[in-house]
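Overview (structure and organization)
One letter stands for each residue in the lines below.
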Amino acid sequence: MLRFLIVPMVALALSFTSVAAQAETFAQAGSALPSFPSATSPPVPAAIPAPTIAASSYLLLDMASNQILLADNADEPREPASLTKLMTAYLIFGALRDKSIRLDQKVSVSEQAKSAIGSRMFADPRVPVSVDELLHGMIIQSGNDASIALAELIAGDERAFAAMMNAQAQKMGLTQTHFVNSTGLPDPQHYSTAADMAKLAAVLIRDFPEYYPLYSQKEYRYNNITQQNRNRLLATDPYVDGVKTGFTESAGWCLIASAKRGERRLLSVVLGAASDTARASENQKLLNWGYQAFDVVQLYPAGQPVSKLPVWKGNAPEVAVGFLDDRYLSVPKGQGDKLQVKLLAQEPLAAPIQKGQNVGTMHVQFAGARVTEFPLVAQEDVVVGGLWRRSWDAVRLWFK
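Everything in this summary refers to the structure shown in the same document. (Residues numbered from 1 in each chain as written. Predicted model: local features only at pLDDT ≥ 70, side-chain atom pairs only at ≥ 80, totals over all residues. Heavy atoms only, no water.)

**Some thoughts on the sheet that holds strand E9 (residues 240-248)**
What counts here: In this analysis, strands are considered paired if DSSP registers two or more bridges between them. Per the convention used, a helix needs a DSSP run of H or I reaching at least four residues, while a strand needs a run of E reaching at least two, with both numbered from the N terminus. Working convention: axes come from line fits to C-alpha atoms, limited for helices to the stretch in contact. Angles between N-to-C directions cover 0 to 180 degrees. Contact definition: two residues touch when any of their heavy atoms are within 4.5 Å.
Taken in spatial order, the five strands line up as E4-E3-E11-E10-E9 in an open sheet, and their pairing is antiparallel. Looking along the sheet, the strands with just one partner apiece sit at the ends: strand E4 (67-72) and E9. Going across the sheet, the axis of each strand differs from the next one's by a mean of 5°, ignoring polarity. Relative to strand E11 (residues 264-273), helix H9 (residues 276-293) is tilted by about 145°, and along the sheet it contacts strand E3 (57-62), E4, E9, strand E10 (252-261) and E11.

Structure, rendered in structure tokens:
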């Protein structure tokens, strides 16, 4: 019979970060995807009242804790416009890492790419363009021609590339997202949400730190034409280093912004703002409020034992338990002392136990209200004990 043992935590050592670089980038590529609560779940109450945001939907994410600090209509499907290019870039970055393409590789731009409507880098089919130039044109200039050229390079045509985008979206858990093109041009079957876009941007920042600096570049010159990055916050906020703008008449003005102050990174998403100026100002409100209203508290570092649990039928009577990753929590500014944790351990916990095996859950409460939970794992192996130990524990369990 599976039961749970409540292990009270007498003392919880909290340190106000310095958030470690591992937390900001989550983990190395290929590790577990970041997860955060539903955008409709109630957040921890802030120390400062939340701002009013003039947009159809929005979300503010603390990337250290993976907590949504503020959201409205964030699970509502909407047209993502050129925010779509984040997924296009993600697949191109992956192809570069896999060495299936190279930055210096020359690409012939098709007539279909050249004739793309909307924003362009003005690539000329008569002149081969490098993958590096196309990436700059897509990310900084939001060039639809560059996006299509890169999609055709990887998949042969844009429809096949869209299938790759959707497959990757499924892997990422973007459950309210569907792509039909690489650019974000309008289509009834092309949609996403603020929550899904936040997760996509967070994964891109995590998985490809070597390419993320492209998103902070303020201008790019190609074909004797200099174009400014449309993310106004790059020019007005020294802490903002990305991420991507988008606009169509039907989508409105959209912007995903990310700022890093010290070692703490926040990510904001605004969809359907009324103007270019508004999408910048509303993101700025979200970022400023997030830094002013919340602290980040380190609960426990990865690999540090937080408790020991009894083990049955093993060669050792106890096993050290803790967490695979650093654990952080966003709390209202100056109120870290209101955090409480409780460990619920699987009971009976019988050998064999493997290092990294899930053996329970940590429940975290703030001011008496449950806010999140983390899986608790064994930090060491415990092999099966000898015959006498197994027999004795079997008898004890019978009467337990």
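**Comments concerning the environment of Trp289**
Applicable threshold: Partly exposed residues are those whose accessible area sits between 20% and 50% of the maximum for their type, while under 20% is buried and over 50% is exposed, using a 1.4 Å probe and protein chains only.
Along the chain, Trp289 falls in helix H9. Relative accessible area serves as the criterion here: at 5%, Trp289 is assigned to the buried category. Ignoring any residue separated from it by four or fewer positions in sequence, one finds Trp289 in contact with Ala46, Ile48, Pro49, Ala50, Pro51, Leu60, Leu69, Leu70 and Phe294.

**Digging into the packing of helix H2 (residues 85-97) against helix H6 (residues 158-172)**
Applied cut-off: By the definition adopted for this analysis, an angle is roughly parallel if under 35 degrees, roughly antiparallel if over 145, roughly perpendicular if from 65 to 115, and oblique otherwise. In the scheme used here, Gly and all other residues not listed as nonpolar or charged are polar, with Ala, Val, Leu, Ile, Met, Phe, Trp, Tyr, Cys and Pro taken as nonpolar and Asp, Glu, Lys and Arg as charged.
Where H2 meets H6, the axes come as close as 10 Å, and the angle between the chain directions of the two elements is 90°. Relative to H6, the element H2 is oriented roughly perpendicular. For the pair formed by H2 and H6, the contact residues are Met87, Thr88, Tyr90, Leu91 and Ile92 on the first element and Phe161, Met164, Met165, Gln168, Ala169 and Met172 on the second. Partitioning the contact of H2 with H6 into residue classes produces nine nonpolar, two polar and no charged.

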